[in-house]
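Descriptive structure summary
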Amino acid sequence: MSGLILHHYDTSPFSEKVRLMLGLKGLAWDSVQAPVIMPKPELTPLTGGYRRIPVLQIGADIYCDTQVILAEIERRAPGPSLALGPAWAVNFWADRLFFGVTVPIIFGELGDATPQDFIADREKLSGRPFNVEAMKAAAGIMRPQWRAQAAWIEEGLAGADWLSGETPGLADIAAYMNIWFLARSLPDLADELLAGFSRTQAWRGRVATIGHGERREITGGKALVVA
Ligand SMILES: N[C@@H](CCC(=O)N[C@@H](CS)C(=O)NCC(=O)O)C(=O)O
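Structural notes, computed from the coordinates. Numbering of residues starts from 1 in each chain and follows the order in which that chain's sequence is written. Owing to the predicted nature of the model, reporting of local features is limited to residues with pLDDT of at least 70; listing and counting of side-chain atom pairs is limited to 80 or more, with chain, interface and lining totals taken over all residues. The side-chain numbers reported here are obtained from all heavy atoms of the structure, hydrogens and water having been left aside.

Attention now moves to the sheet that holds strand β2 (residues 28-33). Between any two strands, pairing holds if DSSP finds at least two bridges. Here a strand is any run of E in DSSP of at least two residues, a helix any run of H or I of at least four, and the numbering for each starts at the N terminus. Ordered by their spatial adjacency, 5 strands build an open sheet running β4-β3-β1-β2-β5, and the pairing between neighbours is mixed. With partners counted over all chains shown, the strands left at the sheet margins are β4 (61-64) and β5 (214-217), one partner each. In this sheet, neighbouring strand axes are inclined to one another by 30° on average, regardless of whether the strands run parallel or antiparallel. In this sheet, strand β3 (residues 55-58) lies alongside strand β1 (residues 4-8) in antiparallel orientation, the contact comprising 4 bridges. Looking at the pairing, Leu4 lines up with Ile58 of β3. Contacts are assigned to residue pairs that have any heavy atoms within 4.5 Å of one another. In this description, a line fitted to the C-alpha atoms serves as the axis of each element, helices being fitted only across the stretch in contact, and the angle between N-to-C directions of two axes falls anywhere from 0 to 180 degrees. In the packing of helix α1 (residues 13-25) onto the sheet, the strands contacted are β1, β2 and β5, and the crossing angle to β1 comes to about 155°. Contacting β3 and β4, helix α3 (residues 66-76) runs over the sheet at an angle of about 130° to β4.

Put into structure tokens, the structure is as follows:
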């Protein structure tokens, strides 16, 4: 399969899921680096206004939201099959519940250093205040909650090297997203919250070696021409 264009940015945890999926499938793809905040003049004309990241483009076909993007990659490149067992349920948990505790932990720590234009952009996106003080206050409760959810990964690895069994799959990529996001932002805190979870720490190293397939940078302008 060729002709895959991923609109993303390197710091995006949802994009990391897709990049790892492309790696597991051994696919070649074109990368368009999108802006982290609005405006996104080379993205929104393709999506009809959807501004989140990642977006997958295949010719003039546009796929928004990782649940759709991952399913489309799985459909177009079925071997090896990655959506095994409860993989989609794990993906949904990782996107919502696990991500929901990861974000306040990160921004509770880093919120004061977060650029004002980023804060203003995310307030406009969510329609809510980007309340660093509230996130700082919540972090104390969120940390044990994060650890409790990471403990499910630890248990899931009791019988095999991967959550998906003998080989890696979507469940591994999805669960890893939050660990990647926390460790990328606050590596020491990630180690602290994973203390004693030796299977998870070893697994995390294995997931990191999957790679992103064959990536080539192109411009947003070129992607618009393709569409
Ligand atoms: N449900 C979406 C969530 C995607 C999402 O929220 N992505 C973040 C970046 S990781 C985002 O788009 N933030 C706002 C932006 O970049 O404009 C998905 O699964 O793709």
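The next thing to look at is the layout of surface pockets. Computed from the structure, the largest pocket encloses a volume of approximately 1,400 Å³. In this analysis a 1.4 Å probe is tested at points of a 1 Å grid over the protein atoms alone, and where it fits but cannot get out there is a cavity; an open set with protein on both sides within 12 Å along at least five of seven lines is a pocket; lining residues have an atom within 4 Å of a point. If you trace the largest pocket, you find 40 residues lining it, with Arg52, Phe99, Val103, Phe107 and Arg122 closest to the centre. Secondary structure elements with two or more residues in the lining of the largest pocket: α1, α3, α4 (87-110), α5 (116-126) and α7 (170-185). Looking at the lining of the largest pocket element by element, the count peaks at 10 residues for α4. Grid points are joined across faces, edges and corners, and a volume is the space filled by probe spheres set on the points.

What follows covers the side chain of Thr114. Summarising the element assignment, Thr114 is placed in the loop between α4 and α5. Within the structure, Thr114 has its side chain in polar contact with the backbone oxygen of Leu110 (distance 3.0 Å). Once you skip the residues sitting within four places of it in the chain, Thr114 turns out to touch Phe107 and Ile119. Side-chain atoms alone can form a polar contact between residues adjacent in sequence; in general such a contact is a pair of N or O atoms within 3.5 Å, and within protein one must be able to donate a hydrogen while the other accepts it.

Let us look at the nonpolar core. Residues Leu22, Leu56, Ile73, Trp146, Ile153, Leu182 and Trp203 are the most contacted members of the largest nonpolar core, which totals 60 residues. Take this core: its biggest share by element is 12 residues, from α7. Three or more residues apiece are contributed to this core by two domains, here domain 1 (4-81 + 211-226) and domain 2 (87-208). Apart from the residues lying within four places of it in its own chain, the contact partners of Ile73 are Val18, Met21, Leu22, Lys25, Leu27 and Leu56. Put simply, a nonpolar core is a bunch of buried Ala, Val, Leu, Ile, Met, Phe, Trp, Tyr and Cys residues held in one set by side-chain atoms that sit within 4.5 Å of each other. With a 1.4 Å probe rolled over the protein chains alone, any residue whose accessible area is under 20% of its type maximum counts as buried; one over 50% counts as exposed, and the rest are partly exposed. Judged by nonpolar contacts, the second largest core, of 5 residues, contains Tyr9, Leu43, Ile53 and Val55. Domain ranges listed in this record stem from an automatic or a database domain assignment.

With that out of the way, let us pick up the site of the ligand. Within the structure, the ligand sits among 14 residues, and Tyr9, Lys40, Arg52, Ile53 and Thr66 are positioned closest to it. Contacts to the ligand include Asp65, whose side-chain N or O atom sits 2.9 Å from a nitrogen atom. Within the side chain of Thr66, an N or O atom sits 2.5 Å from an oxygen atom of the ligand. Note on areas: these come from Shrake-Rupley sampling with a 1.4 Å probe, and a residue is covered only by the protein chains present in the view. Summarising the interface, the protein chains cover 89% of the accessible area of the ligand, which totals 500 Å² for the free molecule. Criterion for pocket placement: a molecule counts as inside a cavity or pocket if more than half of its atoms are within 2 Å of its grid points. Among the detected pockets, the ligand sits in the largest pocket. Listing elements by their share of the shell around the ligand, those giving two or more residues are α1 and α5. Grouping the amino acids of the shell around the ligand by side-chain chemistry returns 6 nonpolar, 2 polar and 6 charged. Counting contributing residues, the shell around the ligand receives three or more from each of domain 1 (4-81 + 211-226) and domain 2 (87-208). If a single non-hydrogen atom of a residue is within 4 Å of a molecule or strand, that residue counts as near it. Side-chain classes are defined by residue name, with Ala, Val, Leu, Ile, Met, Phe, Trp, Tyr, Cys and Pro counting as nonpolar, Asp, Glu, Lys and Arg as charged, and the others, Gly among them, as polar.

With that out of the way, let us pick up the pattern of salt bridges. One speaks of a salt bridge when a side-chain nitrogen belonging to Lys or Arg is within 4 Å of a carboxyl oxygen belonging to Asp or Glu. Taken as a whole, this structure holds 17 salt bridges when the rule is applied. Arg143 is the partner of Glu109 in a salt bridge, and the nearest nitrogen-oxygen pair spans 2.5 Å. Within this pair, whereas Glu109 is found in helix α4, its partner Arg143 is found in helix α6 (residues 132-156), the two being separated by 34 residues in sequence. Here Lys136 makes a salt bridge to Glu133, at a shortest N to O gap of 3.4 Å. Separated by 3 residues within a single helix, Lys136 and Glu133 lie in helix α6, roughly one turn from each other. Taken together, the shared-partner salt bridges in this structure form one network comprising Asp61, Glu72, Arg75 and Arg76.

By themselves, these figures tell us nothing about what the structure is for.
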